[in-house]
Amino acid sequence: MIVLKTPDEIAIMQANGAIVVECFKLARDFIRPGRTRRELDAAIEQLIVERGGRPAFKGFHGYPASTCISVNEEVVHGIPDDRPFQEGDIVGLDIGVEKNGLYVDSARTIPVGKVSKEAEMLLEVTWEALERGIEHAWPGRRLTDISHAVERRAKAGGFSVVRSLVGHGIGRQMHEDPQVPNFGPPNQGPMLEPGIVLAIEPMVNVGGHDVFTLEDGWTIVTGDKSLSAHFEDTVAVTAEGPKILTR
Ligand code: MG
Ligand code: MG
């Protein structure tokens, strides 16, 4: 069941989104060769708590950290540890914040220093795939118009989208209905209407779309060890069109 959000709830989510924006600004300054994933996680947790929020991933289904940090061939759900960032890495950083009973969820993939041409292209295409998807978050469109637009952009770039992980509704729960796939034909699924809030989150691989989970039970990696990128925004459907709450 899709739970619609009131304008007041959307305003709270946008305020929470402002905390996430600050976190990504911090991360862009913080990430450099030699700094570790655990240090980044701690810095972001501290900032969220200072702003009166709660890092929403911590303890979620037993997840042990505040953020997910997924580097290079890691797709999502990487657990921050003591491995240092290296020149040329692409660092997927996924952040969830809960405050005043409402959640937001957002991800960025951040290059460390100079990255390969391939990595550069992957980041550009994945970002654009998110943008193309968000453009369909209008009342009267169907849910999979978003999915189709995301996949189209990724494929046009020569890349593939992960199929076994999807975006989601978000609000009083971090994961709500509906699921938001990043692939498939347009004009299917529920009709979008004002008050629907979605976490739209393309995960795009340089190689094939297959992924698997490492023995830690969390980290998802590409099946062919190719690079993967992830961008995510929390977006409200409003009468005036898509309202991005995490920028
Ligand atoms: Mg996320
Ligand atoms: Mg999400």
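One can find the structure itself at the top, above this paragraph.
J.: So, the coordination of the magnesium ion (ligand 1): which residues are in play, and what are the values?
T.: Taken together, Asp-94 (OD), Asp-94 (OD), Asp-105 (OD) and Glu-232 (OE) make up the protein donors of the magnesium ion (ligand 1), found 2.0 to 2.5 Å from the metal. Look at where the donors of the magnesium ion (ligand 1) fall in the sequence and you get D-x10-D-x126-E. Separating the magnesium ion (ligand 1) from the magnesium ion (ligand 2) is a gap of 3.2 Å, which Asp-105 spans by donating to each of them. Of the two residues, Asp-94 is situated in strand E4 (residues 90-99) and Glu-232 in the loop between strand E13 (228-230) and strand E14 (233-238); the sequence distance between them amounts to 138 residues. Per residue, the accessibility class of Asp-94 equals that of Glu-232, and both read buried.

J.: An account of the pairing of strand E2 (residues 67-71) is needed here, citing residue identities and associated values.
T.: Counting buried positions over the 5 residues of E2 gives 5, a clear majority of the element. With burial as the criterion, each face of E2 is covered, one bearing Thr-67, Ile-69 and Val-71 and the other bearing Cys-68 and Ser-70. The pairing of E2 with E4 spans 5 bridges and is antiparallel. Bridge pairing in E4 places Ile-69 opposite Leu-93.

Rules behind the numbers
- Residues numbered from 1 in each chain as written.
- Chains lettered and ligands numbered in written order.
- Predicted model: local features only at pLDDT ≥ 70, side-chain atom pairs only at ≥ 80, totals over all residues.
- Heavy atoms only, no water.
- Donors = N, O, S within 2.8 Å, 3.2 Å for Na, K, Ca; no water.
- Helix = DSSP H or I, 4+ residues; strand = E, 2+ residues; numbered from the N terminus.
- Buried < 20%, exposed > 50% of the residue type's maximum accessible area, 1.4 Å probe, protein only.
- Pairing = 2+ DSSP bridges.

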